Amino acid sequence: MNRYDLQEYLQQELQPYCSSFYDTSFDKENKKHLCSDQTTENVYDFDRYIAEKHDGSNLPASPDAIFIGKKDLYFVEFKNQYATDIKSTQIKRKFEKGTQILKNMLKNFTPKDCRYYFCVVFRKDRTPRYFDSSHIEKSSVRFDLEDTNKEQGQFYDQIITEDIAFFSSQFTQLKCDG
């Protein structure tokens with residue numbers, strides 16, 4: 001295990017949970033995938049990891065997926081909901097518990113200029129008829145996580161809470177419907 005290479009360091013622990021954004025974005029309740037990307041590599045099913053590593057009756061809330069680049073780690077929570085329908089308390093709980101688990105996983109890792117991102121990906125909002133308040137609503141979701149990040153010692157370099165269309169346009173390697 002190379003304690004300087006992010007991918008190699010986490011590979012051993014996460015390899016059994018190798019997945020895709022397509023699979024990790026599956027909404028069981030609505031039987032729908034938020035992201036159609038099945039080609040991006042180094043995506044791991046964090047929910048499955050948590051289910052196997054913790055007592056089944058007391059699972060901690062955590063994000064759905066981890067994507068590991070050479071020097072970047074993205075912790076991703078998929079919400080097949082509109083921004084206005086997302087419960088901030090639930091996202092904050094996933095943020096806090098997931099970050100605690102991730103920090104523990106990385107406790108012996110000696111990073112060299114690695115960057116950590118927390119992402120909340122949600123459904124593309126309906127086009128408003130009159131006033132578009134989505135930027136205000138998204139900011140409130142983002143604001144809560146920024147404060148929580150500060151409480152967690154500013155672990156994440158950036159927090160991105162945007163709809164699937166934003167991620168598809170910003171990360172062109174993603175093959176997601178936007």
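The structure we're discussing is the one just above.
Being a predicted model, the structure only gives us computed values, none of them experimental.

**Student:** So what about the overall build of the protein? Which residues, and what values?
**Tutor:** Counting its regular elements, the protein contains six helices and seven strands. Listing the helices and strands of the protein from first to last along the sequence gives α-α-β-β-β-α-β-β-α-β-α-β-α. Here the protein, with 178 residues, has 47% of them falling under the buried criterion. Taking contacts inside the protein between residues at least 6 apart in sequence as the whole, the part at least 24 apart equals 69%. Counting every atom, the protein has about 9900 Å² of accessible surface; 45% of that belongs to carbon and sulfur.

**Student:** For the pairing of strand β5 (residues 72–79), give the residues involved together with the corresponding values.
**Tutor:** With eight of eight residues buried, β5 lies mostly within the body of the structure. A two-sided burial pattern is seen for β5, the buried positions comprising Asp72, Tyr74, Val76 and Phe78 on one face and Leu73, Phe75, Glu77 and Lys79 on the other. Linking strand β4 (residues 65–68) to β5, which pair antiparallel, is a turn of three residues. Summarising the sheet, β5 and strand β6 (residues 115–122) pair through eight bridges and their orientation is parallel. Bridge pairing links Asp72 to Arg115 in β6. Handedness of the β5-helix α4 (residues 88–105)-β6 crossover: right-handed.

**Student:** So what about unusual backbone geometry? Which residues, and what values?
**Tutor:** Backbone geometry places Asn42, a non-glycine residue, at a positive phi of 65 degrees. As for its position among the elements, Asn42 is in the loop between β2 (32–33) and β3 (43–45). If you check the backbone angles, Gln154 has positive phi at about 55 degrees while not being a glycine. Here Gln154 is to be found in the loop between α5 (134–151) and β7 (158–163).

**Student:** Help me get a handle on the side chain of Asn149, residues and values and all.
**Tutor:** Along the chain, Asn149 turns up in helix α5. In this structure Asn149 comes out as buried when scored by relative accessible area, which is 1%. Residues within four places of Asn149 in sequence aside, it is in contact with Phe95, Gln154, Phe155, Tyr156 and Ile159.

**Student:** Please provide a residue-by-residue account of the sheet that holds β7, values included.
**Tutor:** Sheet architecture is open: five strands sit in the order β3-β4-β5-β6-β7, paired in mixed fashion. Only two strands of the sheet have a single neighbouring strand rather than two, namely β3 and β7. The average undirected angle you get between the axes of adjacent strands in this sheet is 20 degrees. The pairing of β3 with β4 spans three bridges and is antiparallel. Looking at the pairing, Tyr44 lines up with Ile66 of β4. Each of β3, β4, β5 and β6 is contacted by helix α1 (residues 6–14), which is oriented at about 145 degrees to β4, the strand it contacts most. The sheet contacts of α4 involve β4, β5, β6 and β7, and relative to β5 the element is tilted by about 150 degrees.

**Student:** Residues and numbers for the nonpolar core, please.
**Tutor:** Within the largest apolar cluster, 31 residues are counted, with the highest numbers of intra-cluster contacts made by Leu6, Leu10, Leu106, Tyr116 and Tyr156. At the level of elements, α1, α3 (46–53), β4, β5, α4 and β6 are the ones that each hand at least two residues to this core. No other element matches the five residues that α4 contributes to this core. With sequence-adjacent residues up to four places away left out, Tyr116 is seen in contact with Leu6, Leu73, Leu106, Phe109, Pro111, Phe155, Tyr156, Asp157 and Gln158. With 16 residues, the next largest nonpolar core counts Phe21, Val76, Phe78 and Phe171 among its residues.

Reading the values: the criteria
Residues numbered from 1 in each chain as written. Predicted model: local features only at pLDDT ≥ 70, side-chain atom pairs only at ≥ 80, totals over all residues. Heavy atoms only, no water. Helix = DSSP H or I, 4+ residues; strand = E, 2+ residues; numbered from the N terminus. Buried < 20%, exposed > 50% of the residue type's maximum accessible area, 1.4 Å probe, protein only. Contact = heavy atoms within 4.5 Å. Areas by Shrake-Rupley, 256 points an atom, 1.4 Å probe, with all protein chains shown as cover. Pairing = 2+ DSSP bridges. Right-handed = clockwise from strand over helix to strand, strands pointing away. Axes fitted to C-alpha atoms, helices over the stretch in contact; angles between N-to-C directions. Core = buried A, V, L, I, M, F, W, Y, C linked by side-chain atoms within 4.5 Å.

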